[in-house]
Amino acid sequence: MTDFRIGHGYDVHALADGLRLVLGGVEIPHTKGCVAHSDGDVAIHAVCDALLGAAALGDIGLHFPDTSTEFAGIDSRVLLRRVAALVRAEGYRIGNVDCTIRMQRPKLRPYVDAMRAAMAEAMGVETDRVSVKATTTERLGFEGREEGVSVSAVALLYKA
């Protein structure tokens, strides 16, 4: 029998003028970026939490606290590589990950394939194991008012 594990991740970051916007390992041209200790890649942070949750290894804050200078400004793909290694060390393989980015602007469709490729590379899996979807909130809530961005993610791990 195969041992399957499912994890869920969720992250939110405020947006502010003049900061870089990095989502799914891809820098996206925009007037606003995520306020964060790291590079603010809210998509990768949610995926990390989904992977860690599936393996019952805690959350991203446990492994990479925002109080540590080691992680100040860090490229979140580095964090995702480390999380994937932790998952593999527990004997699990990544079946797939799926994330949904909620953000009013900019339109993210032109960047989805690059995000899938960047996250797949960081996790050491094929691109077809990574799904990225983007949606607006029809101008509702903090995402719709362009005050922030939120991402939810799920991950499937398996051990044969």
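Structural data are supplied above this passage.
Residues numbered from 1 in each chain as written. Predicted model: local features only at pLDDT ≥ 70, side-chain atom pairs only at ≥ 80, totals over all residues. Heavy atoms only, no water.

In space, the 5 strands of this open sheet follow the order β4-β1-β7-β5-β6, with mixed pairing throughout. One side of each edge strand has no neighbouring strand; the edge strands of this open sheet are β4 (32-34) and β6 (130-135). Across this sheet, the average inter-strand angle for adjacent strands is 20 degrees, counted without regard to direction. One ladder, built from 6 bridges, connects strand β5 (residues 93-102) with β6; its direction is parallel. Looking at β6, one finds that Arg-102 is bridged to Thr-135. Helix α1 (residues 42-54) contacts β1 (3-17), β5 and β7 (148-159) of the sheet and is inclined by roughly 155 degrees relative to β1. (Pairing = 2+ DSSP bridges. Helix = DSSP H or I, 4+ residues; strand = E, 2+ residues; numbered from the N terminus. Axes fitted to C-alpha atoms, helices over the stretch in contact; angles between N-to-C directions. Contact = heavy atoms within 4.5 Å.)

Okay, the environment of Ala-36 next. Here Ala-36 shows up in the loop between β4 and α1. Since its relative accessible area comes to 33%, Ala-36 is described here as partly exposed. Once the C-alpha coordinates of Ala-36 and Asp-66 are considered, the two residues, 30 residues apart in sequence, prove to be 8.5 Å apart. (Buried < 20%, exposed > 50% of the residue type's maximum accessible area, 1.4 Å probe, protein only.)

Each pocket or cavity is described by its volume, and for the largest pocket that value is around 220 Å³. Taken together, 14 residues make up the lining of the largest pocket; nearest its centre are His-37, Ser-38, His-45, Phe-64 and Asp-66. Mapped onto the lining of the largest pocket, the elements with two or more residues apiece are β1 and α2 (60-63). Each residue belonging to the lining of the largest pocket can be placed in one class, and the counts come to 7 nonpolar, 5 polar and 2 charged. Taken as a whole, the second largest pocket holds about 160 Å³ of empty space. Along the walls of the second largest pocket sit Arg-88, Tyr-92, Arg-93, Ile-94, Met-123, Gly-124, Val-125, Glu-126, Arg-129 and Tyr-158, which together make up its complete lining. Its residues placed into classes, the lining of the second largest pocket shows 5 nonpolar, 1 polar and 4 charged. (1 Å grid on protein atoms, 1.4 Å probe; cavity = no way out; pocket = protein on both sides within 12 Å on 5 of 7 lines; lining within 4 Å. Points joined across faces, edges and corners; volume = space filled by probe spheres on them. Nonpolar A, V, L, I, M, F, W, Y, C, P; charged D, E, K, R; others polar.)

To continue, consider the pattern of salt bridges. Inspection of every chain in the model, using the stated rule, returns 13 salt bridges. Between Arg-116 and Asp-113 there is a salt bridge; the shortest N-O distance is 4.0 Å. Here the residue Arg-116 and the residue Asp-113 both occupy positions in helix α4 (residues 112-123), the gap between them amounting to 3 residues, near one helical turn. Classification of Arg-116 as partly exposed rests on a relative accessible area of 22%. A salt bridge links Glu-146 to Arg-139, with the nearest nitrogen and oxygen atoms 3.9 Å apart. It is possible to trace a salt-bridge network through shared partners that takes in Arg-105, Arg-139 and Glu-146. (Salt bridge = Lys/Arg side-chain N within 4 Å of Asp/Glu carboxyl O.)

Time to look at the nonpolar core. Leu-51, Ile-101 and Met-123 are the most contacted members of the largest nonpolar core, which totals 49 residues. Counting residues per element, the ones that place at least two in this core are β2 (21-23), β3 (26-28), α1, α3 (76-89), β5, α4, β6 and β7. Ignoring sequence-local partners within four residues, the contact set of Met-123 consists of Val-47, Leu-51, Leu-80, Ala-84, Arg-88, Ile-94, Val-97 and Val-130. (Core = buried A, V, L, I, M, F, W, Y, C linked by side-chain atoms within 4.5 Å.)

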